[in-house]
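An overview of the molecular structure
Listed below, chain by chain, are the residues.
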Amino acid sequence: MASCLVLAPAEVVKQNAQMLRGGKQQPGPSSSLWALRQLVAAPRNLFSGYTALVARNLPFTALQFPMFERLRSWMWQRRRGGESHDSSSSSRGKTVTETGLIAGASAGLAGAVAAWVTTPSDVVKTRMALTAGQDGGAGGRRATAWAVARMVYQEKGARGFFRGALFRSGWTAVGSSLYLGTYDAAKLWLRRAEQEDSRIL
């Protein structure tokens, strides 16, 4: 929830800057600065969609990390011919590359599933962020998450909540795979480098 306080304004500026690129107004050299100026007139607009962002990120994280841990343990078990694996156990016999690949594959699968399930809240969050820049920063009433969700349902039905779900799952799988795969591989590499240094000393 704390991280969303930083992410929400960045999301609002980014999404409004993307919309300005296709508009009639020329945003000048930087569409991001143009969007920021439009939104700063009413600072609370920068946090439009905060609740929807929290509603997306909390369940996403709660789904992704337990699935990641379980999948990673299962893949190590399969790799070792049925021998149980504890992520906190000794790293003997593991290579840095193998660790990165197993962690990356586990994270990619977990991230794709979590992204698909949380797409409805992402759709609502995106709509809320985009409407923040449409009132000209005049402090008009912002649509609530519930009101935006009803609008999406009236326009497209239940399918409207899953627009872009396949693409979102795909890029989340790639991002999660690189992020957690690299993290696990780097952690093992650094641990071994530290052990080598301690032996030398």
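All residue numbers refer to position in the chain's written sequence, counted from 1. In keeping with the predicted nature of the model, local features appear solely for residues at pLDDT of at least 70, side-chain atom pairs appear and are counted solely at 80 or more, and the whole-chain, interface and lining totals rest on all residues. The side-chain quantities take in all heavy atoms of the structure and omit both hydrogens and water.

**Focus on helix α7 (residues 165–200)**
Numbering of helices and strands starts at the N terminus; helices are DSSP runs of H or I of at least 4 residues and strands are runs of E of at least 2. Multiplying one less than the number of residues by 1.5 Å gives the expected span of a helix. Relative to the 52 Å expected for 36 residues at 1.5 Å per residue, α7 spans 52 Å between its end C-alpha atoms, a close match to the ideal helical length. Only protein chains enter the area calculation, which uses a 1.4 Å probe; residues under 20% of their type maximum are buried, those over 50% are exposed, and those in between are partly exposed. Listed as buried for α7 are A165, R168, S169, T172, A173, S176, L180, G181, D184, A185 and L188.

**Focus: the packing of helix α3 (residues 50–79) against α7**
Axes here mean lines fitted to C-alpha atoms, for a helix over just the part in contact, with angles spanning 0 to 180 degrees between N-to-C directions. At a closest axis distance of 13 Å, the pairing of α3 and α7 adopts a crossing angle of 55°. As judged from the angle between their axes, α3 and α7 are oblique. Read as a crossing pair, α3 and α7 show a hand that is right-handed. Here α3 contributes R56, F60, Q64, F65, F68 and R72 to the contact with α7, which in turn contributes R168, T172, S176, Y179, L180 and D184. Three classes are used: nonpolar for Ala, Val, Leu, Ile, Met, Phe, Trp, Tyr, Cys and Pro, charged for Asp, Glu, Lys and Arg, and polar for all others, with Gly counted as polar. Classifying every residue of the contact of α3 with α7 by side-chain character gives five nonpolar, three polar and four charged. Angular relationships are summarised with four words: roughly parallel below 35 degrees, roughly antiparallel beyond 145, roughly perpendicular across 65 to 115, and oblique for the angles in between. A clockwise turn of the near helix away from the far one marks a right-handed crossing, whereas an anticlockwise turn of less than a right angle marks a left-handed crossing. What makes two residues a contact is simply this: any of their non-hydrogen atoms within 4.5 Å.

**A short note on the layout of surface pockets**
Put simply, the grid is 1 Å and covers the protein atoms alone, a cavity is a trapped set of points that fit a 1.4 Å probe, a pocket is an open set with protein on both sides within 12 Å along at least five of seven lines, and lining residues have an atom within 4 Å of a point. Grid points are joined across faces, edges and corners, and a volume is the space filled by probe spheres set on the points. There is about 980 Å³ of room inside the largest pocket. E11, R56, D122, R168 and W171 are the residues nearest the centre of the largest pocket, which is lined by 37 residues in total. Breaking the lining of the largest pocket down by element, the ones donating at least two residues are α1 (2–21), α3, α5 (119–132), α6 (145–156) and α7. Among the residues forming the lining of the largest pocket, the class breakdown is 15 nonpolar, 13 polar and nine charged.

**With respect to the packing of helix α4 (residues 96–117) against α7**
Two elements in contact, α4 and α7, have axes whose closest approach is 6 Å; the angle formed by their N-to-C orientations is 150°. By the angle class used here, α4 and α7 are roughly antiparallel. In terms of crossing hand, the pair formed by α4 and α7 is right-handed. Within the contact of α4 with α7, the residues separate by chemical class into 14 nonpolar, 10 polar and three charged.

**Side note on the side chain of D184**
Take D184: it is sitting in helix α7. Between N or O atoms, a polar contact is any pair within 3.5 Å; within protein, one atom must be a potential hydrogen donor and the other a potential acceptor, and residues adjacent in sequence are included only when both atoms are from side chains. Only 2.4 Å separates the side chain of D184 from the side chain of R72, close enough to count as a polar contact. Beyond its immediate chain neighbours, meaning those up to four positions away, D184 contacts F68, R72, T99 and A103.

**Observations concerning the environment of M151**
Take M151: it is sitting in helix α6. Separated by 27 residues in sequence, M151 and V124 place their C-alpha atoms 9.4 Å apart.

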